[in-house]
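So you can see what is in the structure, the chains are spelled out below.
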Amino acid sequence: MKKKNILEKNAALVLFIALLVIWQLICSVFKVSEFIFPSPIQIGQNLFEFRLEILKHSWVTFWTTMVGFGISIVVGVLLGFLIGSSKFAYDALYPIMTAFNALPKAAFVPILVVWFGIGAGPAILTAFLISFFPIMVNIATALATIEPELEDVLRVLGASKRVIIVKIGMPRCLPFFFASLKVAITLAFVGTTVSEMSASNEGIGYLLISAGSSMRLPLAFAGLVSIGVMAMSMYELFSVIERKKTAWAHRS
Amino acid sequence: MSDSFIKFDDVSHGYGDLPAQGKFAVENISLEVHAGGFIAIVGPSGCGKSTFMKLTTGLQKPSRGMITVGGNQVNGPLSFSGMAFQAPTLLPWRTTLDNILLPLEIVEPFRFDFRKKKGEYIERALKLLESVGLKGYADKFPWELSGGMQQRASICRALIHQPKMLLLDEPFGALDAFTREELWNILKDLWTEQKFNVILVTHDLREAVYLADTVYVMSKSPGKIVFKREIDLPRPRDLEITYTEAFTSIVHELRGHIGSIRSGK
């Protein structure tokens, strides 16, 4: 019984290690060339050997992503409040936003390069463009679905619209907000990397392209590992804050 | 007539453009409640009881007629009224205590010194919680309470800012019979102690007769007051009275009026 619990608690880790072992076995048994498909050990060796290089590029990717993500929180929350609290704004903005969200954000990179040159500018903006939408939609949905009975409780007491938003709108949005942050942060890393791949001389996206073009696949995979680790860490961070701040929504 | 605290003067109300066609949800309502009085409004569902409540709270302005409370015409929500709804409507992210303190964060003059006097207010809330049998539940979240407990907390919330007028919109409707009778007594005791005005909207005749000084019977579409009955049962009342001849005959009499509404239309 106790054994089963330990297994259940660490299910993700166990699966991860199992996959690595299978991966390593396939590469070793079939003697796959590292130029085609590097094994976990080779990737690990590259991670260690080029750790300073990878760390430097990771840092660039990390801060540009966080700046873009910060902008998308501000814009997403503001637009979400606007759309969620006004029927007129909802009708006017929602179709345009949906159409915009359907556009491939990678297609914006060349345009952004013309406007801002290569480097951090396009990366930050691509991260922003790709990640503000889920935040906006979640906030708008949270506000638009407030139970009218809860609003009545405050209205009977003579509360103004502003007080109703502070006392009901904002707390009710929080679980939706954190859920959207977890989606948005992973998207933001995608945006930064995509932009760096074609419009930067630094960052993990750049590392991927240059390693790929010189057939150093273990290094490219090491770059992917680095992004994965960063995105997962941020995701976990938001999960922890979410559990602390919105315990009421996660009853057990 | 000068001592009437709440006064409806030939009030009619309808929604949208229906009043222009002479169609109202409630029609020609006139009633008076003296200061500290307890009235109950009974009627079948769909008789405009909720509309009546919205008019009294000031959430809706009447299409015709005038409502005065405490000598002033009602033009919007009144800070000296407290309300409990059919559903407990507690905010799920607040503990029971914080839910009860909510009106003090909103209603003047309490909100201006809320921070300064918070300790005093918490004490008041805890006392109120104790009086409804919720001692020790202050730090629980609403979903950790049963339906009856949530409704008790909701009544505490309606009373925390010591309103002069308590509006109850079928607050015991969703509870089981035993919990309901227990809450009748809690409400009765609070009212006896504090003497606020109560308007209780209900479809439970026994509840109305047991608690109120005056019972009004409303008819269905349009909602009109068709019958008014002073309840002259002696106070203090206890649940034994509900089994007496006098009590049942009043309930029976009121029931007759509701029955005739149904067969009449």
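What you see is a predicted model, and the numbers here were worked out from it, not measured in a lab.

**A closer look at the overall build of chain A**
And then number 1: When helices and strands are counted, chain A shows 11 helices and zero strands.
And then number 2: Secondary structure elements in chain A, listed N-terminal to C-terminal, are α-α-α-α-α-α-α-α-α-α-α.
And then number 3: The dimensions of chain A, computed from C-alpha atoms along their principal axes, are 75 × 60 × 30 Å.
And then number 4: Each of the 252 residues in chain A was classed as buried or not, and the buried ones make up 36%.
And then number 5: Considering only residue pairs separated by 6 or more positions, chain A has 74% of its internal contacts joining residues 24 or more positions apart.

**Observations concerning the overall build of chain B**
And then number 1: Per the secondary structure count, chain B includes seven helices and 10 strands.
And then number 2: Sorting the 265 residues of chain B into buried and exposed places 40% on the buried side.
And then number 3: Across chain B, every contact between residues at least 6 apart in sequence was considered, and the portion connecting residues at least 24 apart equals 72%.

**Structural notes on the sheet that holds strand S2 (residues 26–34) of chain B**
Residues and elements named next belong to chain B.
And then number 1: Here four strands make up an open sheet; going across it, the order is S2-S1-S4-S5 and the pairing antiparallel. The sheet is open, and its two edges are formed by S2 and strand S5 (72–73), each paired on a single side.
And then number 2: Along the sheet, helix H1 (residues 49–57) makes contact with strand S1 (4–13), S2 and strand S4 (64–69), crossing S1 at roughly 125 degrees.

**Examining unusual backbone geometry**
And then number 1: Of note, the bond from Arg235 of chain B into Pro236 of chain B is cis; its omega dihedral lies within 30 degrees of zero at -5 degrees.
And then number 2: Phi at Met215 of chain A is positive, roughly 60 degrees, even though this residue is not glycine.
And then number 3: Tracing the backbone shows Met215 of chain A in the loop between helix H10 (204–213) and helix H11 (217–245).
And then number 4: The backbone phi angle of Asp10 of chain B is positive, close to 50 degrees, even though this residue is not glycine.
And then number 5: Along the chain, Asp10 of chain B turns up in strand S1.
And then number 6: Among the residues examined, Asp10 of chain B registers 12 C-beta atoms within 10 Å and is labelled exposed.

**Here's the deal with the interface of chain B and chain A**
Accessible area lost during the coming together of the parts is what is often quoted as the interface size.
And then number 1: Counting from both sides, the interface comprises 17 residues of chain B and, opposite them, 14 residues of chain A.
And then number 2: Grouping the constituent residues of the side of chain B that touches chain A by class yields 13 nonpolar, four polar and no charged.

**Description of the packing of helix H4 (residues 51–85) of chain A against helix H9 (residues 161–199) of chain A**
Residues and elements named next belong to chain A.
And then number 1: Axis separation between H4 and H9 bottoms out at 9 Å; the angle between their running directions is 125 degrees. By the criterion of interaxial angle, the relationship of H4 to H9 is oblique. The chirality of how H4 crosses H9 is right-handed. Across from Thr61, Thr64, Thr65, Gly68, Phe69 and Ser72 in H4, the residues of H9 making contact are Ala184, Ile185, Ala188, Phe189, Gly191, Thr192, Thr193 and Glu196.

**Observations concerning the sheet that holds strand S6 (residues 81–84) of chain B**
Pairing between sheet strands relies on hydrogen bonds along the backbone, with the strands arranged either parallel or antiparallel.
Residues and elements named next belong to chain B.
And then number 1: In space, the six strands of this open sheet follow the order S6-S7-S8-S3-S9-S10, with mixed pairing throughout. At either margin of the open sheet sits one strand with a lone partner, and together these are S6 and strand S10 (225–230). Averaged over all adjacent pairs, the angle separating strand axes in this sheet is 15 degrees, with direction ignored.
And then number 2: Two strands pair when backbone bridges link them, and strand S7 (residues 165–169) and strand S8 (residues 197–202) are joined in this way by five bridges, in the parallel orientation. Looking across to S8, one finds that Leu167 is bridged to Ile199.
And then number 3: The strands touched by H1 within the sheet are strand S3 (38–42), S6, S7, S8 and strand S9 (214–218), with S7 carrying the most contacts at an inclination of about 155 degrees.

**Points about the confidence of the model for chain A**
Regions with low pLDDT carry predicted coordinates that are not meant to be interpreted in detail.
And then number 1: The pLDDT averaged across chain A works out to 91; a share of 98% of its residues lies at or above 70.
And then number 2: Of all the helices and strands in chain A, helix H1 (residues 2–9) of chain A carries the lowest mean pLDDT, 72, while H4 of chain A carries the highest, 95.

**Observations concerning H11 of chain A**
All names here are of chain A.
And then number 1: For H11, built from 29 residues, the straight-helix expectation of 42 Å at 1.5 Å per residue is met to within 8% by its first-to-last C-alpha distance of 42 Å.
And then number 2: All of the buried residues in H11 are Pro218, Leu219, Ala220, Phe221, Ala222, Gly223, Ser226, Ile227, Met230 and Met234.
And then number 3: On its buried face, H11 sits against helix H3 (40–49), H4, H9 and H10.

**Regarding the nonpolar core**
As a rule of thumb, soluble globular proteins bury nonpolar side chains together.
And then number 1: Residues Ala40, Ile41, Cys156, Leu200, Ala208, Ala212 and Val215 of chain B are the most contacted members of the largest nonpolar core, which totals 77 residues.
And then number 2: Discounting chain neighbours no more than four positions away, the residues touching Ile41 of chain B are Lys49, Phe52, Ile199, Val201, Tyr216 and Met218 of chain B.
And then number 3: Within the second largest apolar cluster, 51 residues are counted, among which are Phe62, Ile139, Phe177 and Ala188 of chain A.

**What to know about helix H2 (residues 11–29) of chain A**
Residue and element names in this part refer to chain A.
And then number 1: Relative to the 27 Å expected for 19 residues at 1.5 Å per residue, H2 spans 27 Å between its end C-alpha atoms, a close match to the ideal helical length.
And then number 2: Little of H2 is tucked away, with zero of its 19 residues classed as buried.
And then number 3: Once H2 ends, the next one or two residues include Lys31, with phi positive near 50 degrees.

**Observations concerning the pairing of S7 of chain B**
Residues and elements named next belong to chain B.
And then number 1: Within S7, five of the five residues are buried, leaving the element largely enclosed by the surrounding structure.
And then number 2: Of the two faces of S7, the one carrying Met165, Leu167 and Asp169 and the one carrying Leu166 and Leu168 are both buried.
And then number 3: As paired elements, S6 and S7 share four bridges and run parallel to each other. Within the sheet, the bridge partner assigned to Met83 lies in S7 and is Leu167.
And then number 4: Since S7 and S8 lie parallel, the crossover through helix H5 (residues 177–194) that links them has a hand, and here it is right-handed.

Cut-offs used in this document
- Residues numbered from 1 in each chain as written.
- Chains lettered and ligands numbered in written order.
- Predicted model: local features only at pLDDT ≥ 70, side-chain atom pairs only at ≥ 80, totals over all residues.
- Helix = DSSP H or I, 4+ residues; strand = E, 2+ residues; numbered from the N terminus.
- Buried ≥ 20, exposed ≤ 12 C-beta atoms within 10 Å, placed from the backbone.
- Contact = placed C-beta atoms within 7 Å.
- Pairing = 2+ DSSP bridges.
- Axes fitted to C-alpha atoms, helices over the stretch in contact; angles between N-to-C directions.
- Nonpolar A, V, L, I, M, F, W, Y, C, P; charged D, E, K, R; others polar.
- Parallel < 35°, antiparallel > 145°, perpendicular 65-115°, else oblique.
- Left-handed = near helix turned anticlockwise from the far one by under 90°.
- pLDDT = per-residue confidence, 0-100.
- Expected span 1.5 Å × (residues − 1).
- Core = buried A, V, L, I, M, F, W, Y, C linked by C-beta atoms within 7 Å.
- Right-handed = clockwise from strand over helix to strand, strands pointing away.

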